[in-house]
Amino acid sequence: KLATEATSNRCNPFITFVLGGPGSGKGTQCVKIAETFRFAHLSAGDLLREEMSSNSENGTMIHDIIKEGKIVPSEITVNLLRKAIHSSGNHKFLIDGFPRNEENRIAFERIVGVEPDIVLFFDCPEEEMVKRVLNRNQGRVDDNIDTMKKRLEVFKKLNLPVIDYYSAKGKVCKINAVGTVNEVFEKVLPVFAALRI
Ligand SMILES: Nc1ncnc2c1ncn2[C@@H]1O[C@H](COP(=O)(O)OP(=O)(O)OP(=O)(O)O)[C@@H](O)[C@H]1O
Ligand SMILES: Nc1ccn([C@H]2C[C@H](O)[C@@H](COP(=O)(O)O)O2)c(=O)n1
Ligand SMILES: [Mg+2]
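All figures in this text were calculated on a predicted structure; none of them were measured in a lab.

Cut-offs used in this document
- Residues numbered from 1 in each chain as written.
- Chains lettered and ligands numbered in written order.
- Predicted model: local features only at pLDDT ≥ 70, side-chain atom pairs only at ≥ 80, totals over all residues.
- Heavy atoms only, no water.
- Core = buried A, V, L, I, M, F, W, Y, C linked by side-chain atoms within 4.5 Å.
- Buried < 20%, exposed > 50% of the residue type's maximum accessible area, 1.4 Å probe, protein only.
- Helix = DSSP H or I, 4+ residues; strand = E, 2+ residues; numbered from the N terminus.
- Near = heavy atom within 4 Å.
- Polar contact = N/O pair within 3.5 Å; in protein donor to acceptor, adjacent residues only side chain to side chain.
- Areas by Shrake-Rupley, 256 points an atom, 1.4 Å probe, with all protein chains shown as cover.
- 1 Å grid on protein atoms, 1.4 Å probe; cavity = no way out; pocket = protein on both sides within 12 Å on 5 of 7 lines; lining within 4 Å.
- Sits in = over half its atoms within 2 Å of the grid points.

Another aspect to go through is the nonpolar core. In globular proteins that are soluble, nonpolar side chains generally tend to be buried together. Ranked by internal contacts, the top residues of the largest apolar core, which has 31 residues, are Ile15, Phe17, Ile95, Phe98 and Phe108. At six residues, helix α4 (residues 74-87) tops the list of elements feeding residues into this core. With 26 residues, the next largest nonpolar core counts Cys30, Leu120, Leu152 and Cys173 among its residues.

So this is what it looks like as structure tokens:
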């Protein structure tokens, strides 16, 4: 039902928020969805990491917040997303790892001026997320057990309420994130195959 409500006569971009705990597989699945269904994949975490490495005035602050497993002030993240949306040339977006808290959600609505069409939620047990993050090996400052424990607490306290908010609006597609990458993608496929955009 959710997916078929999207129609082709629309001016606004088609926005999918992609949520789930740290290491649940959001980024991995977004790459596959973007390839298969020609969505632009915008990862809030990747945009913040690029900003952190670009010697911007906010770089040190972003680094310290990410290392602590906390959430960067929404104005910074939403403005990075806004610029990426406007320069993408696409009209279908996967916004990965956003909104992480109520402040993110409200700032996006205010600054970008749209609500998501759907919200994908990758539901994964904590021990599996910990295992995946500690094996990720991409040199991220937050891929260590101390930061991971903090990120899991932040996820439960701040991000689950955002998922509940969108659930109450009937926008959430919950995907069981346990299984191989391809097995999880098999569960994601029907959500996007049903869209008419
Ligand atoms: N279904 C899966 N089974 C096993 N490993 C997986 C699966 N999906 C992703 N991974 C691996 O787990 C790690 C975390 O995946 P990914 O980076 O996609 O998660 P994420 O949700 O984007 O995490 P984060 O919020 O920290 O960015 C990666 O090393 C990835 O290759
Ligand atoms: N909306 C967001 C997204 C990410 N961050 C910061 C804090 C996260 O722990 C970190 C890594 O993000 P990920 O790659 O796991 O999506 O980036 C944030 O503050 N706000
Ligand atoms: Mg990710």
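On we go from here.
Before going further, it helps to examine the site of ligand 2. Surrounding ligand 2, one finds 16 residues, the nearest of these being Arg49, Val72, Arg100, Asn104 and Arg151. Taking arginine 49, its side chain carries an N or O atom lying 2.9 Å from an oxygen atom of ligand 2. The separation between an oxygen atom of ligand 2 and a polar side-chain atom of arginine 100 is 3.0 Å. Protein chains bury 96% of the 430 Å² of accessible surface belonging to ligand 2 in isolation. When each cavity is represented as a set of grid points, ligand 2 is found to reside in the largest pocket.

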